[in-house]
Amino acid sequence: MPRRITVVIPTHNRPHLLMNALHTVAAQTQPPHEVLVVNDGDQPLPDTIHTLGLPLTVLRAPTRGVVHARNHAVTHASGEIIAMLDDDDLWHPGHLQAVTAPLHAGATFAYTDGLIRLQRGTDILEDIPFGLDATTSVLRRTNPILMPAIAYRRDLHDQHGLYDTALPYYHDWDWYLRLHPHVPLTRVPTPTVTCVTQVEGGSSSDQRNPAVEANFQQFRRKHDMPELPVHNFLTALRDPELALS
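A short tour of the structure in this document, coming up. (Residues numbered from 1 in each chain as written. Predicted model: local features only at pLDDT ≥ 70, side-chain atom pairs only at ≥ 80, totals over all residues. Heavy atoms only, no water.)

## Digging into the overall build of the chain
A count of helices and strands for the chain gives eight helices and nine strands. On C-alpha atoms alone, the chain measures out to a radius of gyration of 17 Å, which is about the 18 Å that the 2.2 N^0.38 rule sets for 245 residues. Counting only C-alpha atoms and orienting by the principal axes, one finds that the chain spans roughly 50 × 40 × 35 Å. The proportion of buried residues among the 245 residues of the chain is 51%. Roughly 11,000 Å² of accessible area belongs to the chain as shown, and the carbon and sulfur atoms make up 53% of that amount. Treating the 19 positive side-chain charges of the chain as one cloud and the 26 negative ones as another, the clouds have centres 4 Å apart. (Helix = DSSP H or I, 4+ residues; strand = E, 2+ residues; numbered from the N terminus. Rg over C-alpha atoms; globule rule 2.2 N^0.38 Å. Buried < 20%, exposed > 50% of the residue type's maximum accessible area, 1.4 Å probe, protein only. Areas by Shrake-Rupley, 256 points an atom, 1.4 Å probe, with all protein chains shown as cover. Lys, Arg positive; Asp, Glu negative; His and termini not counted. Charge placed at Lys NZ, Arg CZ, Asp CG, Glu CD.)

## Structural notes on the pattern of salt bridges
Between side chains of opposite charge, a pair can form as their charged atoms come close. Evaluated as defined, the whole model comprises 12 salt bridges. Counted as one network, the salt bridges with shared partners bring together Asp164, Asp174, Arg178 and Lys222. (Salt bridge = Lys/Arg side-chain N within 4 Å of Asp/Glu carboxyl O.)

## Structural notes on the packing of helix α6 (residues 171-179) against helix α7 (residues 210-222)
For any two helices packed against each other, the geometry is given by the interaxial angle and the distance between the axes. Running from N to C, α6 and α7 point in directions that differ by 5 degrees, and their axes come no closer than 11 Å. Between α6 and α7, the angle is such that the two are roughly parallel. Contact residues: α6 offers Trp173, Asp174, Leu177 and Arg178, while α7 offers Phe216, Phe219 and Lys222. Class assignment of the residues belonging to the contact of α6 with α7 gives a composition of four nonpolar, no polar and three charged. (Axes fitted to C-alpha atoms, helices over the stretch in contact; angles between N-to-C directions. Parallel < 35°, antiparallel > 145°, perpendicular 65-115°, else oblique. Contact = heavy atoms within 4.5 Å. Nonpolar A, V, L, I, M, F, W, Y, C, P; charged D, E, K, R; others polar.)

## Thoughts on the nonpolar core
Counting 37 residues, the largest nonpolar core has Met84, Phe109, Ile150, Tyr152, Tyr176 and Leu185 as its most contacted members. Only β2 (34-39), α2 (66-76), β4 (81-84), β6 (109-120), β8 (150-153), α6 and α7 provide two or more residues apiece to this core. No other element matches the five residues that α6 contributes to this core. Not counting residues up to four positions away in its chain, the partners in contact with tyrosine 176 are Phe109, Leu139, Asn143, Ile145, Leu146, Met147, Ile150 and Leu185. Membership of the second largest hydrophobic core comes to 35 residues, among which are Ala21, Trp91, Ala110 and Val193. (Core = buried A, V, L, I, M, F, W, Y, C linked by side-chain atoms within 4.5 Å.)

## Description of the packing of aromatic side chains
One pass over the full model with this rule turns up 11 aromatic pairs. With a centroid separation of 6.0 Å and 15 degrees between ring planes, the pair formed by phenylalanine 109 and tyrosine 152 is classed as stacked. Of the two residues, phenylalanine 109 is situated in strand β6 and tyrosine 152 in strand β8; the sequence distance between them amounts to 43 residues. A relative accessible area of 0% means that phenylalanine 109 is categorised as buried. A ring pair is formed by phenylalanine 216 and phenylalanine 219, whose centres lie 6.2 Å apart and whose planes are at 40 degrees; its orientation type is tilted. Of this pair, phenylalanine 216 and phenylalanine 219 both sit in helix α7, three residues apart, roughly one helical turn. As far as burial versus exposure is concerned, phenylalanine 216 and phenylalanine 219 are alike and both buried. Through a chain of ring-to-ring contacts, the aromatic side chains of Phe109, Tyr152, Tyr163, Trp175 and Tyr176 assemble into a single cluster. (Phe/Tyr/Trp six-rings, centres within 6.5 Å; stacked < 30°, edge-to-face > 60°.)

## Here we look at the environment of histidine 231
Counting through the fold element by element, histidine 231 comes out in the loop between α7 and α8 (233-238). The spacing of histidine 231 and glutamine 43 is 188 residues in sequence and 32 Å in space, taken between C-alpha atoms. Polar contacts involving the side chain of histidine 231 include one to the side chain of threonine 142, which spans 2.8 Å. A distance of 2.7 Å separates a polar side-chain atom of histidine 231 from the backbone oxygen of proline 229. (Polar contact = N/O pair within 3.5 Å; in protein donor to acceptor, adjacent residues only side chain to side chain.)

## Remarks on unusual backbone geometry
Glycine aside, a negative phi is what most residues show, and trans is what most peptide bonds show. The backbone of asparagine 13 sits at a positive phi, close to 55 degrees, despite the residue not being glycine. Assignment of secondary structure puts asparagine 13 in the loop between β1 (5-11) and α1 (15-26). With phi around 50 degrees, aspartate 224 is a residue other than glycine that occupies positive phi space. Examined against the element boundaries, aspartate 224 turns out to sit in the loop between α7 and α8. Judged by relative accessible area, which is 64%, aspartate 224 ranks as exposed.

And the structure:
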């Protein structure tokens, strides 16, 4: 029997981007059972988010960052499957159908490939394909999984805990490393998500941010990982030190 899907979307004072993301949820060929938008910003969300015909609930979370917001939503989810989406990223129409197919067939965690979209403001500069197998070797060198590309059984959190709030910039990679010894991370090698990156920087996860560097070293120590350069998804594909190609 197909399991119910809860979509989790944290958002922080970006209503125009949130609407774009919600439009891509509304366009899914396999609609979700529930959409939880977690507002951890200091502004109310516009009423227009309720005009798309989605089974949408807004949760208010303390303004403590995206990791707390994700955990808050996970603990309120009614679906058996969690699918993550960030408010500045986009799903292609067949994403939920593609990523949840392995879960309906018995898998516990699945992810698809994606595109990293370089933008300057609203101008699209380039779409770069991103897809890596989540092997032990790759996971020890880089994060091979885009967050908006994942879907998994909610009860994994009962077994392996929530996202680590001490790792605001690396909670996703940490989660995959915690799961990997116990759970196959099933790749669907089809690009079904687009992750938007502004080339002018300004992202909270910008590798030039000293807080990112400090958090990366904390993450690396937690998992007893080798010396690695601080990097993001895009630079991971281009850095010979990581030897991913």
